[in-house]
Amino acid sequence: EGGPRLALRLSPEKGRAMAAADAGVAWGMEGLLFNAKDGYNEGIVRGLKSGLLSTQDYANLTQCETLDDVKLHLCSTDYVSVIQNEPSPLHPSTIVARCTQKVVEDFEMVRCQASEPLATFLDFLTYGHMIDNVVLIVTGSLHERDMQELLDKCHPLGMFDSIATLAVASNMRELYRLVLVDTPLAPYFSECVSSEDLDEMNVEIMRNVLYKAYLADFLRFCESLGGATAHLMRQILHFEADRRAINITINSLDTELSRDDRRRLFSDFGALKPSGHLDLVACDDFDQVRAVMDNTPGVLSVIASRLSISSDQLLEKHFYQEEQKMCAAAFLEQFNYAIFYAILKMREQEIRNVTWIAECVAQDCRNRVTDGLVSVGLENL
Amino acid sequence: AGRHTEGTRVSRTCTGIGMQSSTRLALFWAVVALCATGAQAADGDQVAPFFGFMGAMSALVFSCMGAAYGTAKSGVGIASMGVMRPELVMKSIVPVVMAGVLGIYGLINAVIISTNIHPEGYTLFQGYAHLSSGLACGLSGLAAGMAIGITGDAGVRANAQQPKLFTGILLIFIFSEALALYGLIVGIILASAGSAAVKPE
């Protein structure tokens, strides 16, 4: 008798959330209302998902001897329209650039057809790339690189109009005042604005502070949408926050980054907060980080158990695999926006896989080609 | 000493005059019976034209709401699609035309109803029949308009990318339109049932 009584005293929101832990549960009236505005976009995205490279495609690609074979096999996939006219001799970077171009074109098509609030959600997906592009150009201009070369290396999804003028700024305040105030990144910059010079360390700190503000804003937006979108994106973004905390810790292990600065870069949500963050701040080597992951309930302890001692080589791969599992799970529920996030991440992972295969083929170390592949999509789970 | 400090105004009043709950219940049913007999005592036929004209109004208004939703929603899709494929715009006008037809159904039914309402000798039976006729046609038109709007929006965008979809999408429009046609047919039947009835002498 105590069980049902307890559920009644909870708010309807919490009761529903507890009951709907499985996929396929209706959250509200979205079955009636979602397709009115976003049904066509969901249809396109599910079509794109069925066009991902299959197990058979990967089997063919890993057996390729030359880059021309890779091109031949890619011509029997959805990438045929961008790759079939590439002249020989091929280079891995051209193959990857063409495939990335296809991903960007498909994303732009979905973005054009989107109405609010889906349009804002899709814009949020590009802000991460914008932050990476800004950091790329600022670091490149610090090392006196050519601007055109840097612009070619930028990710197309994160371009904005005034990106080339980033080279003019000499400190953070100018960076904000001259360029970033007109971009969507402006509200994330409030913690960064200072008169410090732009050197390597400060630029990395700037990247992480911007990304922390962006993740917090994205999570707040998804929570305001409610329903299955909020449920799925909360899981995904909490994992993303934990992953960044661990990567920041590992990357700053032998640097001059102070403990306070490290603590400042961690997000305000995730499984590691609050006790995991305190432990991570005190870490001095990789084994301590692994112990912290072991102590955290949830997916991080599972990852930690798969790692070998004192080696962080495969950590990145395990993080990507976990992210792909969450993306595949998003497609099991209908009438939510998490599938748009998931399809972009899955296609980016596919591009990383193709890059790995192309590089292995080009450098003639085909015995390692299956090491770096991360499975994408439900059939490979 | 035994007064309630909470409760509705009615219960507080009843408690104030010292009434018990059984007495309160009996009083309630007495009021209902009085209203019913009062209604019968008045001539129901004097109220009948209200229902009749409400039927005519609802037939037109709800059908036009459905037609407006269908036109607006699919119009947005056509405008988005027409930027890149202007040659397909005329072929994609089909959902707008089908949504417009829903308004015509409502017009037909409203005219049929309103020509059968007379100032003299219009019974309550006829009033109810005309009300039901108008609501049947109007709400079916609203439903069909919403269906045509949503499928029209997605359909014209999909047709721009894959022209082979045209026949299938046209079938979807026809089935949505059929819903409003059912409403019109039933509306006409009900209106004729109302008009054929003659008050027994």
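1. Here we look at the overall build of chain B
Next, step 1: When helices and strands are counted, chain B shows six helices and zero strands.
Next, step 2: Ordered by position in the sequence, the α and β elements of chain B form the string α-α-α-α-α-α.
Next, step 3: When burial is assessed residue by residue, chain B has 33% of its 201 residues classed as buried.
Next, step 4: For chain B, restricting intrachain contacts to residue pairs at least 6 apart in sequence, the fraction spanning at least 24 positions comes to 84%.
Next, step 5: Carbon and sulfur atoms form 73% of the exposed surface of chain B, whose accessible area is close to 11600 Å².

2. Some details on a negative patch on the surface
Next, step 1: On the surface, A:E196, A:D197, A:D199 and A:E200 cluster together into a patch of negative charge.
Next, step 2: You can call A:E200 partly exposed: its relative accessible area is 41%.

3. Remarks on the environment of B:V61
Residues and elements named next belong to chain B.
Next, step 1: Relative to the assigned elements, V61 resides in helix α3 (residues 48-82).
Next, step 2: Residue classification places V61 among the partly exposed residues on the basis of a relative accessible area of 37%.
Next, step 3: In sequence terms V61 and A178 are 117 residues apart; their C-alpha atoms lie 19 Å from each other.

4. Observations regarding the nonpolar core
General note: in soluble globular proteins, nonpolar side chains tend to be found buried as a group.
Next, step 1: Judged by nonpolar contacts, the single largest core of 116 residues is most densely connected at A:F121, A:F218 and A:I246.
Next, step 2: Looking at this core, the element that brings in the most residues is helix α18 (residues 338-362) of chain A, giving 14 residues.
Next, step 3: In contact with A:F121, not counting residues within four places along its chain, are A:F218, A:F221, A:C222, A:L225, A:T229, A:M233, A:Y337, A:F340 and A:Y341.
Next, step 4: With twelve residues, the next largest nonpolar core counts B:A99, B:Y105, B:A144 and B:F173 among its residues.

5. Overview of the interface of chain A and chain B
Next, step 1: On the chain B side, the residues contacting the seven residues of chain A number eight residues.
Next, step 2: Regarding the contact of chain A and chain B, the summed buried area is about 560 Å², with carbon and sulfur atoms giving 52% of it.
Next, step 3: By the criterion of area lost to chain B, the three top residues of chain A are A:A36, A:Y40 and A:Q113, representing 77% of everything that side buries.
Next, step 4: At the boundary of chain A with chain B, the tally comes to zero salt bridges.
Next, step 5: Counting the contacts that link chain A with chain B gives four residue pairs in polar contact (both at pLDDT 80 or more).
Next, step 6: Top element by residues in the side of chain A that touches chain B is helix α3 (residues 30-50) of chain A. It accounts for five residues.
Next, step 7: In terms of residue class, the side of chain A that touches chain B is built from four nonpolar, two polar and one charged.

6. As for the pattern of salt bridges
Residues and elements named next belong to chain A.
Next, step 1: For the coordinates displayed, the defined rule picks out 21 salt bridges over all chains.
Next, step 2: A salt bridge links E204 to R207; the shortest N-O distance between them is 3.4 Å. With E204 and R207 both in helix α11 (residues 200-225) and three residues apart, this pair spans about one turn of that helix.
Next, step 3: Residue classification places R207 among the partly exposed positions, given a relative accessible area of 21%.
Next, step 4: E322 serves as the salt-bridge partner of K325, at 3.9 Å between the closest nitrogen and oxygen. Residue K325 and its partner E322 are located together in helix α17 (residues 315-330), separated by three residues, close to a single helical turn.
Next, step 5: On the basis of relative accessibility, which here comes to 9%, the residue E322 falls in the buried class.
Next, step 6: Where salt bridges share partners, they join E240, R243, E316 and E323 into one cluster.

7. Quick notes on a nonpolar patch on the surface
Residue and element names in this part refer to chain B.
Next, step 1: Together, V47, F50, M54, M57, L60, V61, M65, L107 and V111 line one region of the surface with nonpolar side chains, adding up to about 750 Å² of accessible area.
Next, step 2: Broken down by secondary-structure element, the contributors of at least two residues to the nonpolar patch are α3 and α4 (94-115).
Next, step 3: For the nonpolar patch, the leading source of residues is α3, giving six residues.
Next, step 4: Checked against the element boundaries, F50 lands in helix α3.
Next, step 5: Owing to a relative accessible area of 49%, F50 belongs among the partly exposed residues under this scheme.

8. So, the side chain of B:K73
Next, step 1: Structurally, B:K73 can be placed in helix α3.
Next, step 2: Judged by its relative accessible area of 15%, B:K73 falls in the buried class.
Next, step 3: A polar contact of 2.5 Å, which involves the side chain of B:K73, links it to the backbone oxygen of A:A36.
Next, step 4: With near-sequence residues (within four places) excluded, B:K73 lies in contact with A:A36, A:K37, B:G149, B:I150 and B:D153.

9. Focus on the packing of helix α4 (residues 55-62) of chain A against α18(A)
Residue and element names in this part refer to chain A.
Next, step 1: Contact geometry for α4 and α18: axes closest at 10 Å, N-to-C directions at 20 degrees. The angle between α4 and α18 places the two elements in the roughly parallel class. Considering how the two elements wind past one another, α4 and α18 form a crossing that is right-handed. In contact with Y58, L61 and T62 of α4, α18 contributes E350, N353 and I357.
Next, step 2: Residues belonging to the contact of α4 with α18 are distributed by class as follows: three nonpolar, two polar and one charged.

10. Let's talk about α17(A)
Counting along an α-helix, one turn takes 3.6 residues, and residues three or four places apart therefore face a common direction.
Next, step 1: Between its first and last C-alpha atoms α17(A) spans 23 Å; for 16 residues at 1.5 Å apiece the expected length is 22 Å, and the two agree.
Next, step 2: By the burial criterion, the buried members of α17(A) are A:L315, A:H318, A:F319, A:E322, A:E323, A:Q324, A:M326, A:C327, A:A328 and A:A330.

11. Some thoughts on the confidence of the model for chain B
Residues and elements named next belong to chain B.
Next, step 1: The pLDDT averaged across chain B works out to 88; a share of 88% of its residues lies at or above 70.
Next, step 2: For chain B, helix α1 (residues 9-16) is the element with the lowest average pLDDT, namely 69, and α4 is the one with the highest, namely 97.
Next, step 3: With a pTM of 0.83, the predicted complex shows an ipTM of 0.75.

12. So, the confidence of the model for chain A
All names here are of chain A.
Next, step 1: When pLDDT is averaged across chain A, the result is 85; 90% of the residues are at 70 or more.
Next, step 2: Mean pLDDT in chain A bottoms out at helix α1 (residues 2-9), which sits at 42, and peaks at α18, which reaches 94.
Next, step 3: In the predicted structure, residues 15-20 sits below a pLDDT of 50 and forms six contacts with residues beyond four places in sequence or in another chain.

Rules and cut-offs
Residues numbered from 1 in each chain as written. Chains lettered and ligands numbered in written order. Predicted model: local features only at pLDDT ≥ 70, side-chain atom pairs only at ≥ 80, totals over all residues. Heavy atoms only, no water. Helix = DSSP H or I, 4+ residues; strand = E, 2+ residues; numbered from the N terminus. Buried < 20%, exposed > 50% of the residue type's maximum accessible area, 1.4 Å probe, protein only. Contact = heavy atoms within 4.5 Å. Areas by Shrake-Rupley, 256 points an atom, 1.4 Å probe, with all protein chains shown as cover. Patch = residues over 30% accessible without salt bridge, like charges linked within 9 Å, V, L, I, M, F, W, Y side chains within 5 Å. Salt bridge = Lys/Arg side-chain N within 4 Å of Asp/Glu carboxyl O. Lys, Arg positive; Asp, Glu negative; His and termini not counted. Charge placed at Lys NZ, Arg CZ, Asp CG, Glu CD. Core = buried A, V, L, I, M, F, W, Y, C linked by side-chain atoms within 4.5 Å. Buried area = accessible area lost by both parts, 1.4 Å probe. Polar contact = N/O pair within 3.5 Å; in protein donor to acceptor, adjacent residues only side chain to side chain. Nonpolar A, V, L, I, M, F, W, Y, C, P; charged D, E, K, R; others polar. Axes fitted to C-alpha atoms, helices over the stretch in contact; angles between N-to-C directions. Parallel < 35°, antiparallel > 145°, perpendicular 65-115°, else oblique. Left-handed = near helix turned anticlockwise from the far one by under 90°. Expected span 1.5 Å × (residues − 1). pLDDT = per-residue confidence, 0-100.

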